[in-house]
Amino acid sequence: MGQLIAVAVITVLAVVSPGADFAMTVRNSCLYGRTAGVLAAVGIAAGVLVHVTYTMLGVGLLVSRSPVLFTAMKLIGAAYLVYIGYRTFVTRSQVDIDLSDGTGLSRAGALRTGFLTNALNPKTMLFVLSTYTQVVSADTPVLQQAGYGLFMSFAHLVWFGLAAVLFSHRALRARLLRKQTVLNKVIGTVLVGLGMVLALTPAVA
């Protein structure tokens, strides 16, 4: 019971802490509507399972203890955020409030942005790895470990799904899109800034 509570508390704290996943959810929700925001949340949750899977297989410990591998993963994740942020910052196209004509981000694109944001996120990797190495013992049954991983993923889905619903609310979205040039600059700057911080963060050996 104590192990379950510890995993739950750590997960909640990790999920609600602001980061690239939150910025990406806000971006998709505001610019492309609720479906894009929710699909980004689904992708974010799926990205968590990537880290859970290789951590359970012991690969995560190898990555965290190898400065070269960790730095490579960190730089790939940082480059992705900078790329998305730059594209958002320089975009000049105006997004309509009504997306019924099918314009905007595709479903696959929305899912992909969320997935890559967390699958390439060292912060998520370290959260999962530290939980499994410091809280979950080696004697914990595999099915129970998998259950913890599913809980982590579900918690991300719920939190970012709620964020997507909030920021895609028609009234709020309409107000934001009236100043979408500024919105693009702000979101783009945040994503580029997060990417730069990630790139400059020292590797953990």
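Predicted model, so just to flag it, every value in this text is computed and none were measured.

About the thresholds
Residues numbered from 1 in each chain as written. Predicted model: local features only at pLDDT ≥ 70, side-chain atom pairs only at ≥ 80, totals over all residues. Heavy atoms only, no water. Patch = residues over 30% accessible without salt bridge, like charges linked within 9 Å, V, L, I, M, F, W, Y side chains within 5 Å. Areas by Shrake-Rupley, 256 points an atom, 1.4 Å probe, with all protein chains shown as cover. Salt bridge = Lys/Arg side-chain N within 4 Å of Asp/Glu carboxyl O. Helix = DSSP H or I, 4+ residues; strand = E, 2+ residues; numbered from the N terminus. Buried < 20%, exposed > 50% of the residue type's maximum accessible area, 1.4 Å probe, protein only. Phe/Tyr/Trp six-rings, centres within 6.5 Å; stacked < 30°, edge-to-face > 60°. Lys NZ or Arg CZ within 6 Å of the ring centre and 35° of its normal. Core = buried A, V, L, I, M, F, W, Y, C linked by side-chain atoms within 4.5 Å. Contact = heavy atoms within 4.5 Å.

Further remarks concern a nonpolar patch on the surface. On the surface, Val38, Val42, Leu111, Phe154, Leu157, Val158, Leu162 and Val165 cluster together into a nonpolar patch covering about 610 Å² of accessible area. Among the elements of the structure, helix H3 (34–56) and helix H8 (142–167) are those that each provide at least two residues to the nonpolar patch. In this fold, Val42 is placed in helix H3. Its relative accessible area of 35% is what places Val42 among the partly exposed residues.

Turning our eyes to something else, we now look at the packing of aromatic side chains. Under the definition given, this model contains one aromatic pair. Ring plane angle 80 degrees and centroid distance 6.0 Å describe the contact between Phe22 and Phe167, whose orientation is recorded as edge-to-face. Taken together, the residues span a long stretch of sequence, with Phe22 in helix H2 (residues 20–32) and Phe167 in helix H8 at a distance of 145 residues. Its end group placed over the ring of Phe89, Lys185 keeps NZ or CZ at 4.3 Å from the ring centre.

In this structure, Met24, Tyr80, Leu81, Ile84, Leu183 and Leu191 are the most contacted members of the largest nonpolar core, which totals 15 residues. Tallying contributions element by element places H2 first for this core, with six residues. The contact partners of Leu81, leaving out residues within four places of it in the chain, are Ala20, Thr117, Leu191, Val192, Leu194, Gly195 and Leu198. Counting 10 residues, the second largest nonpolar core, distinct from the first, contains Ala14, Val128, Tyr132 and Met152.

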